[in-house]
Amino acid sequence: MSDPIRIHSFPISGHAHRVVLFASLAGIDHEVITVDLPNGAHKTPAFLALNPNGQVPVIEDGETVISDSNAILVYLARKYAPAYIPTDPVGEAEVQKFLTLAAGELAFGPGAARLVNVFNAPFDMEFCQATAARVLGKLDAHLDGRDFLVGDKPSIADVAIYSYTAHAPEGDVSLEPYPNVRRLLANIEALDGFVPMPVTKAGLSA
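Counting restarts for each chain, with residues numbered from 1 along the sequence as it is written. This being a predicted model, a pLDDT of at least 70 is required before a residue's local features are given, and a value of 80 or more before pairs of side-chain atoms are given or counted; all residues contribute to the totals for chains, interfaces and linings. Water and hydrogen atoms were dropped before computing side-chain values, which therefore reflect all heavy atoms in the structure.

Asker: Before we go on, may I ask you to explain the side chain of serine 9 in this structure?
Answerer: Relative to the helices and strands, serine 9 resides in strand S1 (residues 5–9). Think of it in three bands: with a 1.4 Å probe and only protein chains considered, a residue is buried below 20% of the maximum accessible area for its type, exposed above 50%, and partly exposed in between. Serine 9 sits in the buried class, given a relative accessible area of 6%. When checking whether two residues touch, look at their non-hydrogen atoms; a contact exists if any pair is within 4.5 Å. When sequence neighbours within four positions are dropped, the list of residues in contact with serine 9 reads Ala16, Val20, Val32, Ile33, Thr34, Val35 and Val56. Numbered from the N terminus, helices here are DSSP runs of H or I no shorter than four residues, and strands are runs of E no shorter than two.

Structure below.
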C-alpha cells in the first residue's frame, strides 16, 4: 500500500485549504503537515528545497513534489480522482477558465481583501472590494440554474473557488447579494468529506 500524500499546509491559507479540501472530498489518503508560517518555517532550507518560492501548499507524493494549489488540484484529479476533471475538451477548458479565475480575480478580490483584515496586508482595500464585487457578480450570473460551475457534478473548479469565496466576509465582502454563489457554497459543504477552513474573527465575520 502506498504512503499517504503529504500536504504541507497552513490552517487559514485559502490556497492550502483547497488542496486539503479536495484530498478529503476525493477520498485521497493524505497527511496534513502544518507549516509554522508566523515563525518563518516556510523560509527554512528544508522547506525551500520543496518549494523555492517559500509558499504553501506543497505536496509530496512519493518522490514527486508539486507546488501551486491549482497545479496540485490538476495532478491529484488526474492521478487519483478523474471524476473531478472532465476529459472532453470543452469541459476541461471550462474547468481551466475557473482555475484561472481562482488564481486571478478571486485571489486579487475577496482573497486579497481578506488578507488586509486578517494579516494586515498592504493592499488597496477599495480595489480589492471592487474586484470582489465584479468576480462574485460574474460567478453568480454563471451559476444561474446550475448546481456546480462545470457540468452537473462537482469538479476541481468548484474546489478552487470555494475557500476565498466562502471566507469573503472576512474581507468585509458580503455574500448576501449573490444567492447563486451562496447556493454553490452550500452544495460544496454538503458533499461527503467536506472539511471547513477555520473562520477568523475579521471583517463581517468578527
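Once you've had a look at it, read on.
Asker: Can you help me understand the pattern of salt bridges in this one?
Answerer: Close approach of charged atoms allows side chains with opposite charge to pair. Salt bridge, as used here: a side-chain nitrogen of Lys or Arg that lies within 4 Å of a carboxyl oxygen of Asp or Glu. Evaluation of the coordinates by the stated rule reveals nine salt bridges. For glutamate 170, the salt bridge goes to arginine 114, with nearest N and O atoms at 3.0 Å. Of this pair, glutamate 170 sits in the loop between helix H7 (156–166) and helix H8 (179–189) while arginine 114 sits in helix H5 (residues 105–119), placing them 56 residues apart in sequence. With relative accessibility at 1%, the residue glutamate 170 sits in the buried group. Classification of arginine 114 by relative accessible area gives buried; the value is 1%.

Asker: Any chance you could explain helix H4 (residues 89–103) here in plain terms?
Answerer: Given 3.6 residues per helical turn, the α-helix brings residues three or four places apart onto the same face. Multiplying 1.5 Å by the residue count of a helix minus one yields the expected span of that helix. With 15 residues, H4 should reach 21 Å at 1.5 Å per residue; the first-to-last C-alpha distance of 21 Å fits that figure. Among all positions of H4, only Gly91, Val95, Phe98, Leu99, Leu101 and Ala102 are buried. The buried residues of H4 all sit within an arc of 160 degrees when viewed along its axis, so they share a single face. What points out from H4, more than 90 degrees from its buried face, is the exposed set Pro89 and Val90. At its buried positions, H4 is contacted by helix H1 (14–25), helix H3 (69–80), H5, helix H6 (125–142) and H7. It is the directions from the helix axis to the C-beta atoms whose arc is reported.

Limitation: the analysis is restricted to geometry and does not speak to function.
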